[in-house]
Amino acid sequence: MPHASMMRQITDFANRANPYPVYEELRRTPVLHEEEDGPYLISSYYDIKALLHDPRISSDAANLAAAGDDALDQTEETGGLPPSFLRLDPPEHDRLRRIANGAFGPPHRPRRIESMRGQMRDIVTELIDGFGDARQIDLVDQFAYPFPVTVICRLLGVPREDEPKFRTWVDPLVASLDPDTGRGADDTDHRKTAREARMQLGMYLAELVEERAREPRDDMLSDLVNSRGPDGAMTMMEVLSTSVLLLIAGHETTVNLITNGMLTLLRHPEYLRRLREDPGLSVNIVEELLRYEPPVQLVPQRTCIGDIEVRGVTIPKGSRIWLVLAAGNRDPERFEDPERFDPDRGDIQHLGFGSGIHSCFGAPLARLETQIALSELARRLESPRLVEDPPPYRQNAVLRGPRHLGIAFEGLR
Ligand code: HEM
């Protein structure tokens, strides 16, 4: 029987810089239930994958609240907006996701993401030029943070001058997704701030959506609000909660992939050198990063809506489940030499974007952003090195990444 507080060890900030020994220990009991009212922790690659495809596992926020997870209670979390499709089951999930996809990717908008390549490169160039004569930067504040928020705002059609406002709203919303927050002494404050931020963001977007309904432009918000396909139209409230979802789901995650990416490359300089010589290597590097240092470490928002047997253990209906993606990604049952960062490995079918019906909607965007960001940083920073290793981390155990990443360099190419 492993240590009785594995769940606490995962959320314990002391393990944030290197949670992988905890995951290794966790995998010894692939289905772990430590406390009577606590969640079942699933850590093997194959079990996680199977459960992500199992219709008896619900993402519905109402089921989670019924299972006793009041910290993630539906009304608390949504701040007046209906739940987004991330927190819904079929058929509602599928209907909303299909409509959203009509505004985002193939077959209706096959070039929407690819056509942003030039814009993304320009934003990256501007940010790197902005380092000026500095010989040391904080990659998080000066690069990784502003980049994806700018891209998602442009994709949706948010005016540039409003972009800074998003950071003040998005921060508390992201913090509220952490299973470790919302349960301490400052419990009520946390939830209140998150709810208020969501409401402000909602109100701002409502105005913008009305504008786009009257005068559509070539942006995703206009497509979302004016879509009239076989699935019908989204209501105004559905457009709002979908837009808030896209802003939140695509923000901190991409910041962390870029930051974890540079940190890993600076720890493995041979790949930084190879990337500088061959930007095409960024494709494999990004996939291996999603396996080796995934920005979403675990999915804590699932409930069983029927009894499920996993490895001889019956998980009863009504139980909560944590799917520890980062543990599955380093499962030796699935990957050879899993603790090694190896972008040359032939098969990198990671769980970094989840799997099944809720698998990451924004994956093509996140991939392209990170490939461009890392290859440009590798190309332009002269002799980069880490200022501090390990860097200081954020509190969040679910969306894990450094709070700052100091990089010193000799100049810009
Ligand atoms: C590196 C960056 C990213 C990572 C690691 C990531 C990871 C994930 C994961 C693991 C899930 C599954 C959650 C679950 O099963 O409950 C997910 C879902 C989702 N992601 Fe991402 N994501 C990233 C970027 C983005 C971007 C850029 C967007 C939007 C523009 C986005 C939008 C979404 C949405 C809407 C869902 C919900 C899908 C559904 O419920 O059907 N993500 N993401």
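Residues numbered from 1 in each chain as written. Predicted model: local features only at pLDDT ≥ 70, side-chain atom pairs only at ≥ 80, totals over all residues. Heavy atoms only, no water.

## Examining the coordination of the iron atom of the ligand
Coordination of the iron atom of the ligand by the protein comes from a single atom, Cys360 (SG), at 2.3 Å. Within the element layout of this structure, Cys360 appears in the loop between helix 17 (325-328) and helix 18 (363-380). (Donors = N, O, S within 2.8 Å, 3.2 Å for Na, K, Ca; no water. Helix = DSSP H or I, 4+ residues; strand = E, 2+ residues; numbered from the N terminus.)

## Quick notes on the site of the ligand
Residues in close proximity to the ligand total 29 residues, the closest being His93, Arg97, Arg302, His358 and Cys360. Between an oxygen atom of the ligand and a side-chain N or O atom of His358, the distance comes to 2.6 Å. Elements with a minimum of two residues in the shell around the ligand: helix 6 (92-102), helix 13 (236-249), helix 14 (252-267), strand 5 (299-304) and helix 18. Looking at the shell around the ligand, its residues break down into 18 nonpolar, nine polar and two charged. (Near = heavy atom within 4 Å. Polar contact = N/O pair within 3.5 Å; in protein donor to acceptor, adjacent residues only side chain to side chain. Nonpolar A, V, L, I, M, F, W, Y, C, P; charged D, E, K, R; others polar.)

## Overview of the pairing of strand 5
Within strand 5, six of the six residues are buried, which leaves the element mostly enclosed by the surrounding structure. As paired elements, strand 3 (residues 57-58) and strand 5 share two bridges and run antiparallel to each other. Each bridged residue has a counterpart across the sheet, and for Ile57 the counterpart in strand 5 is Cys304. Across three bridges, the pairing between strand 5 and strand 8 (residues 320-323) is antiparallel. In the strand pairing of strand 8, Thr303 is matched with Arg320. (Buried < 20%, exposed > 50% of the residue type's maximum accessible area, 1.4 Å probe, protein only. Pairing = 2+ DSSP bridges.)

## Structural notes on the environment of Pro384
By the secondary structure assignment, Pro384 is in the loop between strand 9 (381-382) and strand 10 (385-386). Considering only alpha carbons, one finds Pro384 and Gly352, 32 residues apart in sequence, at a separation of 27 Å. In this view, Pro384 contacts Leu266, Leu272, Ile407, Ala408 and Phe409; residues no more than four positions away in its chain are not counted. (Contact = heavy atoms within 4.5 Å.)

## Section: helix 18
When the terminal C-alpha atoms of helix 18 are compared, their 26 Å separation across 18 residues agrees well with the 26 Å that a helix rising 1.5 Å per residue should span. For helix 18, a buried count of 15 out of 18 residues is recorded, marking the element as mostly surrounded by other parts of the structure. (Expected span 1.5 Å × (residues − 1).)

## Quick notes on the packing of aromatic side chains
All chains considered together, the criterion is met by ten aromatic pairs. With a centroid separation of 6.3 Å and an interplanar angle of 50°, the aromatic rings of Phe131 and Phe409 are classed as tilted. With Phe131 in the loop between helix 7 (117-129) and strand 4 (136-138) and Phe409 in the loop between strand 11 (406-408) and strand 12 (411-412), this residue pair connects regions lying 278 residues apart in the sequence. By relative accessible area, which is 2% here, Phe409 ends up buried. Centre to centre, the rings of Phe143 and Phe147 are 6.0 Å apart; their planes meet at 35°, and the pair counts as tilted. With a relative accessible area of 0%, Phe147 lands in the buried category. The lysine or arginine in question, Arg291, covers the ring of Phe335, its NZ or CZ lying 5.2 Å from the ring centre. Arg330 extends its terminal NZ or CZ atom over the ring of Tyr292, reaching a point 4.1 Å from the ring centre. (Phe/Tyr/Trp six-rings, centres within 6.5 Å; stacked < 30°, edge-to-face > 60°. Lys NZ or Arg CZ within 6 Å of the ring centre and 35° of its normal.)

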